[in-house]
Amino acid sequence: MKVLVYSAKDFEIKNLEKSNGGKHKMKFVPEALNATTAVMAAGYDAISIFSNDDASLVVLEILQELGVKYITLRATGYNNVSVKSAKRIGLKVGYAPEYSPHAIAEHAVGLLLALNRKLIKAHAQVQEHNFLLDELVGFDLNGKTVGIVGTGRIGSILVRIFHAFGCKVVANDVKRNPYLENHYDLEYLPLEELCRKSDVVSINTPLNYETHHLFHEPLLMAMKQGALLINTARGGIVKTEDIISALKSGQLGGYATDVYEYERGVFFMDNSRTGLKDELLKELIELPNVLLTPHQAFATKEALERIAETTIYNLDCWEEDKTCKNELGFETVTL
């Protein structure tokens, strides 16, 4: 099978080549998929895309006309793909659902610890030989209430981690997890009540029609004053303007995120020479109580290996006309 890999990063190519083992004819290009670059897929049976590629209806129609039959995502989230449209026009779409929920969960905890204990500021101070502690005071996690929004693969790991910290863990999800309730004293609450009671809230739900801008002004105002918000899911789940307002007013104590609402065309690129044109992003990262990482939560050795293995598995299934367990229909993925 001839496969064009869009948005190919240097750190992932080696794993993809190793997992492929020469079975498929793969070409790697750094360009992201969009309505302009879709023509690059002419003559290919399949393409592989990343989370910031554009697989909307217009792009899918171009791909279908060029003869592309399969799309495999190197990601768990698929909000950038019009899945229903793909199925309607005969394109099969697969994803990587379980590459490493531990990588995401552990990064979320790392973000929280760094934000709460002012680790970035502390490091910067020490580099300047400033060893004062006046602006480095955090709080104990032990005994605090942590709210987990979404108790799927990633959220369930976070429940166990925060339980081990000695936290009271509460959660919100459309589907309860009895195992977590029985073994980790997890309590499910309505979302607004969770926000009112939690000292820390972690977002671990997919981005879809129901969750877009879920965390906007009314919900942020319902949060416990000074609470910390952690987002390793998708940027569009929060309304960035409202987050900034809540941070400036002191309603929100801090925001640590690995994602950004308008990250396409900015993240996974070196913008140090050109600078940022996104004024909203610049305002966000300049706030002293914000910690933003560049969508790196998935980037562990183990996760990259599993993503590559899953990508090749999806292609193998389609080429051999076998059922692909990762093929998307209309179901919703739980992070």
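Residues numbered from 1 in each chain as written. Predicted model: local features only at pLDDT ≥ 70, side-chain atom pairs only at ≥ 80, totals over all residues. Heavy atoms only, no water.

Caption draft 1: Layout of helix α10 (residues 240–249). Those residues of α10 not exposed but buried are Thr 240, Asp 242, Ile 243, Ile 244, Ala 246 and Leu 247. Just downstream of α10 lies Gly 250, where phi reads positive at about 90°. (Buried < 20%, exposed > 50% of the residue type's maximum accessible area, 1.4 Å probe, protein only. Helix = DSSP H or I, 4+ residues; strand = E, 2+ residues; numbered from the N terminus.)

Caption draft 2: Seen up close, the pairing of strand β3 (residues 46–49). The alternating pattern of β3 places Ala 46 and Ser 48 and Ile 47 and Ile 49 on opposite faces, both of which are buried. In the sheet, strand β1 (residues 2–5) pairs with β3 via 3 bridges, with the strands oriented parallel. Across the sheet, the residue bridging to Val 3 is Ala 46, located in β3. With 4 bridges connecting them, β3 and strand β4 (residues 70–73) associate as parallel partners. Bridge assignment links Ser 48 to a residue of β4, and that residue is Thr 72. (Pairing = 2+ DSSP bridges.)

Caption draft 3: Structural detail: empty space enclosed by the protein. The final tally for this structure, using the stated rule, is 3 cavities of 30 Å³ or more. For the largest cavity, the calculated volume is near 160 Å³. For the largest cavity, the lining is made up of 18 residues, of which Tyr 99, Ile 104, Thr 232, Arg 234 and His 295 are closest to its centre. In this model, the second largest cavity occupies a volume close to 60 Å³. Residue lining of the second largest cavity: 10 residues in total, with Thr 76, Pro 97, Ser 100, Pro 101 and Ile 154 positioned closest to the centre. Among the elements of the structure, α4 (101–116) and α6 (153–164) are those that each provide at least two residues to the lining of the second largest cavity. (1 Å grid on protein atoms, 1.4 Å probe; cavity = no way out; pocket = protein on both sides within 12 Å on 5 of 7 lines; lining within 4 Å. Points joined across faces, edges and corners; volume = space filled by probe spheres on them.)

Caption draft 4: Representation of the pattern of salt bridges within the structure. The full count for this structure, using the stated rule, is 13 salt bridges. Salt-bridge contacts for Asp 316 lead to Lys 23; the nearest nitrogen and oxygen are separated by 2.8 Å. Here Lys 23 lies in the loop between α1 (10–20) and β2 (25–28) and Asp 316 lies in helix α12 (residues 301–319), a separation of 293 residues in the sequence. Residue Asp 316 is classed as buried on the basis of its relative accessible area of 13%. (Salt bridge = Lys/Arg side-chain N within 4 Å of Asp/Glu carboxyl O.)

Caption draft 5: Molecular detail of α12. Between the first and last C-alpha of α12 there are 27 Å, a value that for 19 residues agrees with the 27 Å anticipated at 1.5 Å per step. Of all the positions in α12, only Ala 303, Leu 304, Ile 307, Ala 308, Thr 310, Thr 311, Ile 312, Asn 314, Leu 315, Asp 316, Cys 317 and Trp 318 are classed as buried. At the exit of α12 stands Asp 321, carrying a positive phi of roughly 55°. (Expected span 1.5 Å × (residues − 1).)

Caption draft 6: Representation of the side chain of Gln 125 within the structure. By the element assignment, Gln 125 lies in helix α5 (residues 119–127). Those residues in contact with Gln 125 that lie beyond four places of it in its chain are Asn 130, Leu 132 and Leu 136. (Contact = heavy atoms within 4.5 Å.)

Caption draft 7: Structural detail: the sheet that holds strand β11 (residues 252–257). With respect to topology, 7 strands assemble into an open sheet ordered β8-β7-β6-β9-β10-β11-β12, the strand pairing being parallel. Strands with a single pairing partner mark the edges of an open sheet, and in this sheet they are β8 (187–188) and β12 (290–292). In the packing of α4 onto the sheet, contacts are made with β9 (200–203), β10 (227–231), β11 and β12, and the angle to β10 comes to roughly 145°. Here helix α11 (residues 279–286) sits on the sheet in contact with β11 and β12, set at roughly 120° to β12. (Axes fitted to C-alpha atoms, helices over the stretch in contact; angles between N-to-C directions.)

Caption draft 8: How the structure looks around the nonpolar core. Ile 148, Leu 158, Phe 162 and Ile 230 are the most contacted members of the largest nonpolar core, which has 37 residues in total. Elements supplying a minimum of two residues to this core: α4, β6 (145–149), α6, β7 (168–172), α7 (178–184), β10 and α12. Among the elements that take part in this core, α4 stands out by supplying 9 residues, more than any other. Leaving out residues up to four positions away in the same chain, Leu 158 has contacts with Ala 105, Ala 108, Val 109, Ile 148, Ser 202 and Asn 204. (Core = buried A, V, L, I, M, F, W, Y, C linked by side-chain atoms within 4.5 Å.)

Caption draft 9: Summary view of the packing of α4 against α6. Following both chains from N to C, one finds α4 and α6 inclined at 50°, their axes separated by 8 Å at the closest point. Between α4 and α6, the angle falls in the class oblique. Note on packing geometry: the crossing formed by α4 with α6 is right-handed. Across the interface between the two elements, Pro 101, His 102, Ile 104, Ala 105, Ala 108, Val 109 and Leu 112 from α4 touch Arg 153, Ile 154, Ile 157, Leu 158, Ile 161 and Phe 162 from α6. Residue classes in the contact of α4 with α6 are distributed as 11 nonpolar, 1 polar and 1 charged. (Parallel < 35°, antiparallel > 145°, perpendicular 65-115°, else oblique. Left-handed = near helix turned anticlockwise from the far one by under 90°. Nonpolar A, V, L, I, M, F, W, Y, C, P; charged D, E, K, R; others polar.)

Spatial relationships are all this shows, so hold off on functional conclusions.
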